[in-house]
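What follows is each chain in one-letter form.
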Amino acid sequence: STKALMLLGNVYAKQSETRDRGMKIFEKVLKSSPGSKEAILAIVDIHIANRNLVAAEHILSKHLESNVNDELHTSLAGILVESQKYGEAVEHYHIALSLNERNEEAQTGLERLEKLMKGIDPDMVSDDEIDEGQADGGNIEEESEFV
């Protein structure tokens, strides 16, 4: 069954030595179920693990032609960010959010990308976040006195 093949492929995909076997299994699933979002994303994940962003981008672009899906757009946007194709990434994050406004991964990715494009390190903690953390930290200290 497709589900069993996906599970087996996921096991193989976890180890670098057996990723090729996982890839073959996912490709087999994709042949029998051409629109399988899970198989597409699994193949993309293997390409990313192998640092083959060009192949990952190609697979997603190809499947987005016939399979409009917010998760696929979000995944492609993430790859485009890694490839420093920021303009295209913004476009795909916006498409993903237009398809599903509650897509947290797309929202977070877009926010990080906007910081990158402004020259801000998205992993740096902002002054506002530090202030909020201190306020929360103060509450934690007060509560710990009563424990």
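Preceding block: the structure.
Reference entry: report on the structure contained in this document.

## Describing the side chain of His 47
Note that His 47 resides in helix H3 (residues 37–49). By relative accessible area, His 47 is classed as buried at 15%. Residues contacting His 47, with those up to four places away along its chain left out, are Met 23, Asn 52, Ala 55, Ala 56 and Ile 59.

## Focus on the pattern of salt bridges
The tally for this structure, following the rule as stated, stands at four salt bridges. Linking Glu 82 and Arg 51 is a salt bridge whose minimum nitrogen-to-oxygen distance equals 3.9 Å. Remark: Arg 51 occurs in the loop between H3 and helix H4 (53–64) and Glu 82 occurs in helix H5 (residues 70–82); sequence separation between them is 31 residues. Assigned by exposure class, Glu 82 and Arg 51 land together as exposed. Close ionic contact of Asp 123 with Arg 112 constitutes a salt bridge, the shortest N to O distance being 2.7 Å. Taken together, the positions of Asp 123 in the loop between helix H7 (104–117) and helix H8 (127–145) and Arg 112 in helix H7 put the pair 11 residues apart, joining distant regions of the chain. Of the residues examined, Asp 123 reaches a relative accessible area of 56% and is grouped as exposed.

## Some remarks on the nonpolar core
Membership of the largest hydrophobic core comes to 32 residues, with the highest contact counts inside it found for Phe 26, Ile 40, Val 44, Leu 60 and Tyr 93. Within the residue set of this core, elements represented by two or more residues are helix H1 (2–13), helix H2 (19–32), H3, H4, H5, helix H6 (86–99) and H7. Element by element, the count of residues in this core is highest for H3, at seven residues. With residues up to four places along the chain from it excluded, the contact list for Tyr 93 reads Thr 74, Ala 77, Gly 78, Val 81, Glu 105, Ala 106, Gly 109, Leu 110 and Leu 113.

## Section: H6
An α-helical turn contains 3.6 residues, so any two residues separated by three or four positions project in the same direction. The end-to-end C-alpha separation of H6 is 20 Å, in line with the 20 Å expected for 14 residues at 1.5 Å each. Taken together, the buried positions of H6 are occupied by Ala 89, Val 90, His 92, Tyr 93, Ala 96 and Leu 97. In this fold, the buried residues of H6 make contact with H4, H5 and H7.

## A word on the layout of surface pockets
Looking at the largest pocket, its volume works out to about 350 Å³. Taken together, 15 residues line the largest pocket, and the ones lying closest to its centre are Thr 74, Ser 75, Gly 78, Tyr 93 and Glu 105. For the lining of the largest pocket, the secondary structure elements donating two or more residues are H5 and H7. Grouping the amino acids of the lining of the largest pocket by side-chain chemistry returns five nonpolar, six polar and four charged.

## Considerations on the packing of H2 against H3
Any two packed helices are characterised by how steeply their axes cross, that is the angle between the axes, and by the distance between the axes. At a closest axis distance of 9 Å, the pairing of H2 and H3 adopts a crossing angle of 155°. With respect to H3, the axis of H2 lies roughly antiparallel. For the pair H2 and H3, the sense of crossing is left-handed. For the pair H2 and H3, contact is made by Arg 19, Gly 22, Met 23, Phe 26, Glu 27, Val 29 and Leu 30 and by Ala 39, Ile 40, Ala 42, Ile 43, Ile 46, His 47 and Ala 49, respectively. Residues that form the contact of H2 with H3 fall into these classes: 10 nonpolar, two polar and two charged.

The rules we used
Residues numbered from 1 in each chain as written. Predicted model: local features only at pLDDT ≥ 70, side-chain atom pairs only at ≥ 80, totals over all residues. Heavy atoms only, no water. Helix = DSSP H or I, 4+ residues; strand = E, 2+ residues; numbered from the N terminus. Buried < 20%, exposed > 50% of the residue type's maximum accessible area, 1.4 Å probe, protein only. Contact = heavy atoms within 4.5 Å. Salt bridge = Lys/Arg side-chain N within 4 Å of Asp/Glu carboxyl O. Core = buried A, V, L, I, M, F, W, Y, C linked by side-chain atoms within 4.5 Å. Expected span 1.5 Å × (residues − 1). 1 Å grid on protein atoms, 1.4 Å probe; cavity = no way out; pocket = protein on both sides within 12 Å on 5 of 7 lines; lining within 4 Å. Points joined across faces, edges and corners; volume = space filled by probe spheres on them. Nonpolar A, V, L, I, M, F, W, Y, C, P; charged D, E, K, R; others polar. Axes fitted to C-alpha atoms, helices over the stretch in contact; angles between N-to-C directions. Parallel < 35°, antiparallel > 145°, perpendicular 65-115°, else oblique. Left-handed = near helix turned anticlockwise from the far one by under 90°.

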